[in-house]
Amino acid sequence: MRYRLLLFLQMINLISSGVLPPRKRFPDAIIVGVKKSGTRALLEFLRINPLIKAPGPEVHFFDKNFNKGLEWYREQMPETRIGEVTIEKSPAYFHSKMAPERIKSLNPNTKIIIVVRDPVTRAISDYTQSSSKRKRVGLMPSFETMAVGDCANWLRANCTTKTRGVNAGWGAIRIGVYHKHMKRWLDHFPSQNIHIVDGEKLISNPADEISATEKFLGLSPVAKPENFGVDPIKKFPCLKNDDGKLHCLGKTKGRHHPDVEPSVMRALKEFYGPENKKFYQLTEYEPYLRIIHTCRNPDSPKALTIEIPLGDAKKLRRYFVLNNYNVDITEKGEEDKYTIGGKRRFQ
Ligand code: A3P
């Protein structure tokens, strides 16, 4: 009995001193998508936190490599110690029919992370990536043809029927109908296990999005604005090393996008309008207008901030009352800031 107690105490000691040898474990969290929304940037930036460990390449276990078995999957993971968090990222899981169910059956407590961005930008990014890969095989038809025209059948894209004038069967468009895929995740995981990252904010304010994700992972946030700088050419955020040098993502990230005909942009925006609305309803994730108003009246507070759902903001007249002060939104002062972002009421 005394021997067992001694062994037990030794184990506790080893665990608390972090001496137990590291080992490969199934992931605690998975970045499941959405492809071309900033998933690589998210993972690279999360690595600022020394407790976050991830395999380098995308594993694609729950979609393409499932027949390789669970031990193969575990083998792909980095070695971790107790208290460290293992994350993998395979952005095609988001639109895979099988992935949610398979992940749940491995571990129903897995934390699910989803980066979303404007589906029109995402579709153009997806097209840019495919056409850069197809340069060797032959030129891809233009984005416009693929999105609204009779797109090439050799691409095996489903362009036979149109929805509101758009080739909704083309993968680049279909993936952006977020609510359809999201529904599957919500059918398998409770909303507190799902974290949505705003892909646009990940570009404009990476520190905030990374800290929120660290918190979701149960870690104390390490990411700070001073960890980031901006690539002077691509204008995307990069990690800033201690010596001030920028470490940016590779040349396949932050590619130059083609200019798309305005009429096609309009058609896509109209197509996605009702689809986005369904996604917001599903996730209570809606675009909002944030106004930071600098007061000139010495009797007023220095600055007032208001966040209004974009739909309601459009209905605003010239004035609105904020904390009993009248704010005139048509007279935007130089110090006033108006930003549009995604407001999350969903964790
Ligand atoms: P583009 O290369 O088309 O601009 P993913 O990593 O999921 O494949 O997403 C790639 C997209 O992430 C890029 O698409 C780019 O727009 C966006 N992105 C977000 N943050 C970035 C960053 N810090 N550096 C480069 N690209 C970033």
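Procedures and definitions
- Residues numbered from 1 in each chain as written.
- Predicted model: local features only at pLDDT ≥ 70, side-chain atom pairs only at ≥ 80, totals over all residues.
- Heavy atoms only, no water.
- Helix = DSSP H or I, 4+ residues; strand = E, 2+ residues; numbered from the N terminus.
- Buried < 20%, exposed > 50% of the residue type's maximum accessible area, 1.4 Å probe, protein only.
- Contact = heavy atoms within 4.5 Å.
- Areas by Shrake-Rupley, 256 points an atom, 1.4 Å probe, with all protein chains shown as cover.
- Near = heavy atom within 4 Å.
- Polar contact = N/O pair within 3.5 Å; in protein donor to acceptor, adjacent residues only side chain to side chain.
- Pairing = 2+ DSSP bridges.
- Axes fitted to C-alpha atoms, helices over the stretch in contact; angles between N-to-C directions.
- Parallel < 35°, antiparallel > 145°, perpendicular 65-115°, else oblique.
- Left-handed = near helix turned anticlockwise from the far one by under 90°.
- Nonpolar A, V, L, I, M, F, W, Y, C, P; charged D, E, K, R; others polar.
- UniProt positions renumbered as here; feature names shortened; annotations may be inferred.
- Salt bridge = Lys/Arg side-chain N within 4 Å of Asp/Glu carboxyl O.

Going by an unreviewed UniProt entry, the protein carries the name Sulfotransferase domain-containing protein and comes from Caenorhabditis briggsae.

(A) Spotlight on the overall build of the protein. Helix and strand content of the protein: 12 helices and 15 strands. Relative to its full complement of 347 residues, the protein shows a buried share of 44%. Taking the intrachain contacts of the protein between residues at least 6 apart in sequence as the baseline, contacts between residues at least 24 apart amount to 66%. Counting every atom, the protein has about 19500 Å² of accessible surface; 53% of that belongs to carbon and sulfur.

(B) Structural view of the site of the ligand. Near the ligand you find 18 residues, and of these Thr-39, Ser-125, Pro-237, Gly-254 and His-257 are the closest. Arg-255 places a polar main-chain atom, nitrogen or oxygen, 2.8 Å from an oxygen atom of the ligand. For the ligand, whose free accessible area comes to 580 Å², the fraction covered by protein is 97%. With 4 residues, the single largest contributor to the shell around the ligand is helix α2 (residues 39-46).

(C) Structural view of the sheet that holds strand β8 (residues 228-230). With respect to topology, 3 strands assemble into an open sheet ordered β8-β9-β10, the strand pairing being antiparallel. The open sheet has two edge strands, β8 and β10 (246-247), and neither has a second partner. Sheet analysis places β8 next to strand β9 (residues 237-240), joined by 3 bridges and oriented antiparallel. Residue pairing for β9: Phe-228 is matched across the bridge by Leu-239.

(D) The arrangement of the sheet that holds strand β6 (residues 111-116) in detail. With respect to topology, 5 strands assemble into an open sheet ordered β3-β5-β2-β6-β7, the strand pairing being parallel. The open sheet has two edge strands with one neighbour each: β3 (52-53) and β7 (194-198). Examined bridge by bridge, β3 and strand β5 (residues 85-89) share 2 bridges and lie parallel to one another. From the neighbouring strand, Lys-53 faces β5, where its bridge partner is Thr-86. Here helix α10 (residues 206-216) sits on the sheet in contact with β6 and β7, set at roughly 175° to β7.

(E) The arrangement of the packing of helix α8 (residues 178-188) against helix α11 (residues 262-283) in detail. Taken N-terminus to C-terminus, the directions of α8 and α11 make an angle of 25°; their axes are 8 Å apart at the nearest point. Judged by the angle between their axes, α8 and α11 are roughly parallel. α11 is crossed by α8, and the crossing has left-handed handedness. Across the interface between the two elements, Tyr-178, His-179, Met-182, Lys-183 and Leu-186 from α8 touch Glu-275, Lys-278, Phe-279, Leu-282 and Thr-283 from α11. Taken together, the residues that form the contact of α8 with α11 break down as 5 nonpolar, 2 polar and 3 charged.

(F) Expanded view of α10. With 9 of 11 residues buried, α10 is to be regarded as a mostly interior element. Among the residues making up α10, those that are buried are Pro-206, Ala-207, Glu-209, Ile-210, Ser-211, Ala-212, Thr-213, Glu-214 and Phe-216.

(G) Structural view of the UniProt feature "active site" (unreviewed entry) in the protein. Mapped onto this numbering, the UniProt entry annotates "active site" (unreviewed entry) at Lys-36. In this structure, Lys-36 sits in the loop between β2 (29-33) and α2. If we ignore the near neighbours within four places in the chain, the residues touching Lys-36 are Arg-117, Arg-122, Ser-125, Asp-126, Gln-129, Thr-252, Lys-253 and Arg-255.

(H) Structural view of the pattern of salt bridges. In total, this model carries 12 salt bridges according to the counting rule given. We note a salt bridge from Glu-75 to Lys-24, for which the minimum N-O separation is 3.9 Å. Taken together, the residues Glu-75 in helix α3 (residues 70-75) and Lys-24 in strand β1 (residues 23-24) connect sequence positions 51 residues apart. Overall, the relative accessible area of 48% leaves Glu-75 in the partly exposed class. The class of Lys-24 is partly exposed, set by a relative accessible area of 25%. Where Glu-209 meets Lys-201, a salt bridge forms, and the shortest distance between an N and an O atom there is 3.5 Å.

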